[in-house]
Amino acid sequence: MADFYVGNKEYFPKIGKIPYEGPESDNPLAFKFYDPEKKVGKKKMKDHLRFAVAYWHSFCADGTDPFGSATHQHPWIAGAKSPLEAAEHKMDAAFEFISKLGAEFYCFHDRDMAPEGASPAESEKNLVTLVGRAKKLQKAAGVKLLWGTANLFTHPRFMNGAATNPEFGVVALAAAQVKAAIDATIELGGQGYTFWGGREGYMSLLNTDLKREKEHLARFLSLARDYARKQGFKGVFYIEPKPMEPTKHQYDYDTETVIGFLKTNGLDKDFRLNIEANHAELAGHDFVHELETAAAAGLFGSVDANRGEPRNGWDTDQFPSSYYETAQAMYTILNAGGFTTGGLNFDAKIRRNSVDPQDLFIAHIGGMDAFAVGLEIAQRIINDGRIPGFVKKRYSSFGSGDGAKFEKGELSLEELAAIGQSGYGKYGLTSGRQEYLENLFNQYLLGL
Ligand code: XLS
Ligand code: NI
Ligand code: NI
């Protein structure tokens, strides 16, 4: 068990590689359902699920909340002589954790990995140094980068926004940061690059030119896309919708809003959606609604896997645990063809009072098990065919004859009206059978 680490020092010495032990196991540090090599449908579990660890929550967050100070003692911080050295230790711990957990991917913000310097040039130099280390550790740990991003919300200079800041100078500074973060993502072989518009929105319309800010956002994203493509980036750009927090209103409110924005600005060829469960909830939607909406537009990309606390109105970022939700999500994802460049990124944090080193492992194990269960249920629903068959049949009147003509745009409103009148009294009272389908879903949930 000992000596299993990839950096210069072992930071989780009491914990070895997390094994799969099956549903009967009472070992909290083992998978009960996530069996990476197990085949589900045509692919292995690990290739369906493409789990990623979020650098920021797992290795940077320390339990601080608006009412209290840090509770998590990170052993990798102690003894470091400079912020850069602390970042190196943190990185060693991160890759040790990810490889012990057996996740294939990770995601990061520039500032999670490397400290801000005294100038943009120094910040970039710090990032380049840490990226060099990450490249080696990725190889040693067998871990890949799902996506990178720039933190354009923590520093005070971004208090009025980044790409949508009313001061041009700040927009330009944000560009310097994004350029460096794109370079880092390319260098690390990242399969995606994410934009989450933390402060791209407004606190009050009394001081905001909304039209101009949205145009600036579109311009900024286009420039970033063009730069990355010029540098040879082949991956996917993601927008991660969230309705609010920290702003009163974020321009990337929800999936439907982002689809409209991307299409309006000609960005829908390069950008897809990165959907976060907790953000869906804050927007007043089910997680599966957001997934289905993105998939319907052909713009589904990736997932920030977490859950909210339905009675709270903020981004609690808890680890996913509901089989009902993971099954619904995986059913939609499988129907959309599964992940290509995307994956399930645990944008989730352990609670402030989860202070044991093993809590971080246990949280991820639970999240991975929950999605493994969801995947198996979803595959069961597809194999059995009753639910998809029901939906297909429900729309079968569009499969031929006048219904098919309507779909192809071959009927005028007059023709449609005449067909309607001739069929009067024959249609409309077909049961949607929602309760039957919900009961079926519950049976699949129990594996019956
Ligand atoms: C915050 C977001 C953030 C993004 C990455 O609410 O979820 O963590 O995923 O910037
Ligand atoms: Ni997120
Ligand atoms: Ni979030």
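In this report, the structure presented in the accompanying data block is examined.

Calculation rules
Residues numbered from 1 in each chain as written. Chains lettered and ligands numbered in written order. Predicted model: local features only at pLDDT ≥ 70, side-chain atom pairs only at ≥ 80, totals over all residues. Heavy atoms only, no water. Near = heavy atom within 4 Å. Polar contact = N/O pair within 3.5 Å; in protein donor to acceptor, adjacent residues only side chain to side chain. Areas by Shrake-Rupley, 256 points an atom, 1.4 Å probe, with all protein chains shown as cover. Nonpolar A, V, L, I, M, F, W, Y, C, P; charged D, E, K, R; others polar. Donors = N, O, S within 2.8 Å, 3.2 Å for Na, K, Ca; no water. Buried < 20%, exposed > 50% of the residue type's maximum accessible area, 1.4 Å probe, protein only. Tetrahedral: all angles 85-135°; square planar, octahedral: opposite > 155°, others 65-115°. Axes fitted to C-alpha atoms, helices over the stretch in contact; angles between N-to-C directions. Helix = DSSP H or I, 4+ residues; strand = E, 2+ residues; numbered from the N terminus. Parallel < 35°, antiparallel > 145°, perpendicular 65-115°, else oblique. Left-handed = near helix turned anticlockwise from the far one by under 90°. Contact = heavy atoms within 4.5 Å. Arc of directions from axis to C-beta. Salt bridge = Lys/Arg side-chain N within 4 Å of Asp/Glu carboxyl O.

### Observations regarding the site of ligand 1
Contacts to ligand 1 come from W56, H109, W196, E240, K242, E276, H279, D304, D315 and D347. H279 places a side-chain nitrogen or oxygen 3.1 Å from an oxygen atom of ligand 1. Contact distances for ligand 1 include 2.9 Å between an oxygen atom and a side-chain N or O atom of D315. Protein chains shield 94% of the accessible area of ligand 1, which is 290 Å² for the free molecule. Its residues assigned to classes, the shell around ligand 1 shows two nonpolar, two polar and six charged.

### Side note on the coordination of the nickel ion (ligand 3)
The protein atoms that coordinate the nickel ion (ligand 3) are E276 (OE), H279 (NE2) and D315 (OD), at distances spanning 2.1 to 2.3 Å. Going along the chain, you hit the donors of the nickel ion (ligand 3) in the pattern E-x2-H-x35-D. Here the nickel ion (ligand 2) and the nickel ion (ligand 3) are spaced 3.8 Å from one another, each receiving a donor from E276. With respect to burial, E276 and H279 carry one shared label: buried.

### Quick notes on the coordination of the nickel ion (ligand 2)
Taken together, the protein donors to the nickel ion (ligand 2) comprise E240 (OE), E276 (OE), D304 (OD) and D347 (OD), at separations of 2.0 to 2.1 Å. The site at the nickel ion (ligand 2) holds six donor atoms, and with the angles between them running 83 to 174°, its shape is octahedral. Along the chain, the residues donating to the nickel ion (ligand 2) fall in the pattern E-x35-E-x27-D-x42-D.

### As for the packing of helix 3 (residues 83–101) against helix 5 (residues 120–141)
Direction vectors running N to C along helix 3 and helix 5 enclose 25°, while the axes themselves pass 10 Å from each other. Taken together, helix 3 and helix 5 sit at an angle that is classed as roughly parallel. Every pair of crossing elements has a handedness; the one defined by helix 3 and helix 5 is right-handed. On helix 5, the residues touching L84, A87, E88, M91, D92, F95 and S99 of helix 3 are N126, T129, L130, R133, A134, L137, Q138 and A141.

### Some points on the side chain of N278
Mapped onto the fold, N278 is located in helix 9 (residues 277–282). Residue classification places N278 among the buried residues on the basis of a relative accessible area of 0%. Not counting residues up to four positions away in its chain, the partners in contact with N278 are N306, R307, G308, W314, D315, T316 and D317.

### Structural notes on helix 8 (residues 255–264)
Considered for burial, the residues of helix 8 that qualify are T255, V258, I259, F261 and L262. Seen from one end, helix 8 has its buried residues packed into an arc of 165°, which puts them on one side. Exposed residues on helix 8 whose side chains face more than 90 degrees from its buried face are E256 and T264. Elements in contact with the buried residues of helix 8: helix 7 (210–230), strand 8 (236–239), strand 10 (271–276) and helix 10 (287–296). Phi turns positive one or two residues past the end of helix 8, at G266, with a value near 65°.

### Focus on the environment of R351
Mapped onto the secondary structure, R351 falls in the loop between strand 12 (344–346) and helix 12 (357–384). In the structure, R351 is positioned 288 residues away from G63 in sequence and 7.2 Å away in space, judged by C-alpha atoms. R351 has contacts with H72, T316, D317 and Q318, leaving out every residue within four places of it along the chain.

### Quick word on the pattern of salt bridges
For the coordinates displayed, the defined rule picks out 20 salt bridges. The residue E215 makes a salt bridge to K211 at a minimum N-O spacing of 2.9 Å. Remark: K211 and E215 occur in helix 7; sequence separation between them is four residues, near one turn of the helix. Overall, E215 belongs to the partly exposed group, its relative accessible area being 41%. What you see here is one network of salt bridges that share partners, running through D110, R111, E116 and R157.

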